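Chain by chain, the residues run as shown.
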Amino acid sequence: MMTKKIESFGRLCSARVVTSFRLGGEFYEVVKARNPYGTHNLLLCYADDGHAFRHGSYAVLDFLAQWGLWKPLSRAMRAVPSCRFELVSDEEAA
């Protein structure tokens, strides 16, 4: 497992990299880190500077699903043991 320093809620913390991907010319990483409340959540951050811009496991999973990033989504879902996030096709949602 790779770890790196990221900036989350204005403070520097250590995070475990779950997966990384490219979207629109930018590189992003999904990391698992301790939040200010003492529990661990997924964060979505820029790979170059480590600045987190999406906080919370379900917010990150939703972002990946909305953009159709299925491989990173699958990897991120495995990092959340209590994940009850279900993938629903457009036909099932209608």
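Keep in mind that this is a model prediction, so the values were computed, not measured. (Residues numbered from 1 in each chain as written. Predicted model: local features only at pLDDT ≥ 70, side-chain atom pairs only at ≥ 80, totals over all residues. Heavy atoms only, no water.)

### A word on the pairing of strand S3 (residues 26-34)
The sheet contact formed by strand S2 (residues 11-23) and S3 spans eight bridges and is antiparallel. Directly across from Thr 19, in S3, lies its bridge partner Val 30. Counted along the chain from S2 to the antiparallel partner S3, the turn is two residues long, and its residue Gly 24 has a positive phi close to 60°. Linkage of S3 to strand S4 (residues 40-46), two consecutive antiparallel strands, is achieved through a turn of five residues, within which Gly 38 is found at a positive phi near 95°. (Pairing = 2+ DSSP bridges. Helix = DSSP H or I, 4+ residues; strand = E, 2+ residues; numbered from the N terminus.)

### Topic: the side chain of Ser 57
By secondary structure assignment, the location of Ser 57 is in helix H1 (residues 57-66). When near neighbours in sequence (up to four residues on either side) are disregarded, Ser 57 contacts Asn 41, Leu 42 and Val 80. (Contact = heavy atoms within 4.5 Å.)

### Some thoughts on the sheet that holds S4
Strand pairing in a sheet relies on backbone hydrogen bonds, with the paired strands running either antiparallel or parallel. Across the sheet, which stays open at both edges, the five strands sit in the order S1-S2-S3-S4-S5 with antiparallel pairing between neighbours. Strand pairing shows two members of the sheet lacking a second neighbour, strand S1 (3-8) and strand S5 (52-55), which therefore form its edges. Across this sheet, the average inter-strand angle for adjacent strands is 45°, counted without regard to direction. Packed on one face of the sheet, H1 meets S2, S3, S4 and S5 and runs near 45° to S4. Packed onto the sheet, helix H2 (residues 70-78) meets S2, S3 and S4 and runs at close to 145° relative to S2. (Axes fitted to C-alpha atoms, helices over the stretch in contact; angles between N-to-C directions.)

### A short note on a negative patch on the surface
Among the surface-exposed residues, Glu 7, Glu 26, Asp 48 and Asp 49 lie close enough to one another that they form a single negatively charged patch. Along the chain, the position of Glu 7 falls in strand S1. With relative accessibility at 34%, the residue Glu 7 sits in the partly exposed group. (Patch = residues over 30% accessible without salt bridge, like charges linked within 9 Å, V, L, I, M, F, W, Y side chains within 5 Å. Areas by Shrake-Rupley, 256 points an atom, 1.4 Å probe, with all protein chains shown as cover. Salt bridge = Lys/Arg side-chain N within 4 Å of Asp/Glu carboxyl O. Lys, Arg positive; Asp, Glu negative; His and termini not counted. Charge placed at Lys NZ, Arg CZ, Asp CG, Glu CD. Buried < 20%, exposed > 50% of the residue type's maximum accessible area, 1.4 Å probe, protein only.)

### Quick word on the environment of His 55
Take His 55: it is sitting in strand S5. The sequence separation of His 55 and Cys 45 amounts to 10 residues, and the corresponding C-alpha distance is 9.0 Å.

### Describing the pattern of salt bridges
Within this structure, the stated rule accounts for one salt bridge. For Glu 29, the salt bridge is made with Lys 4, and the minimal N-O distance between the two is 2.7 Å. Residue Glu 29 is located in strand S3, and its partner Lys 4 is located in strand S1; the two are separated by 25 residues in the primary sequence. By the burial criterion, Glu 29 is buried, and Lys 4 matches it.

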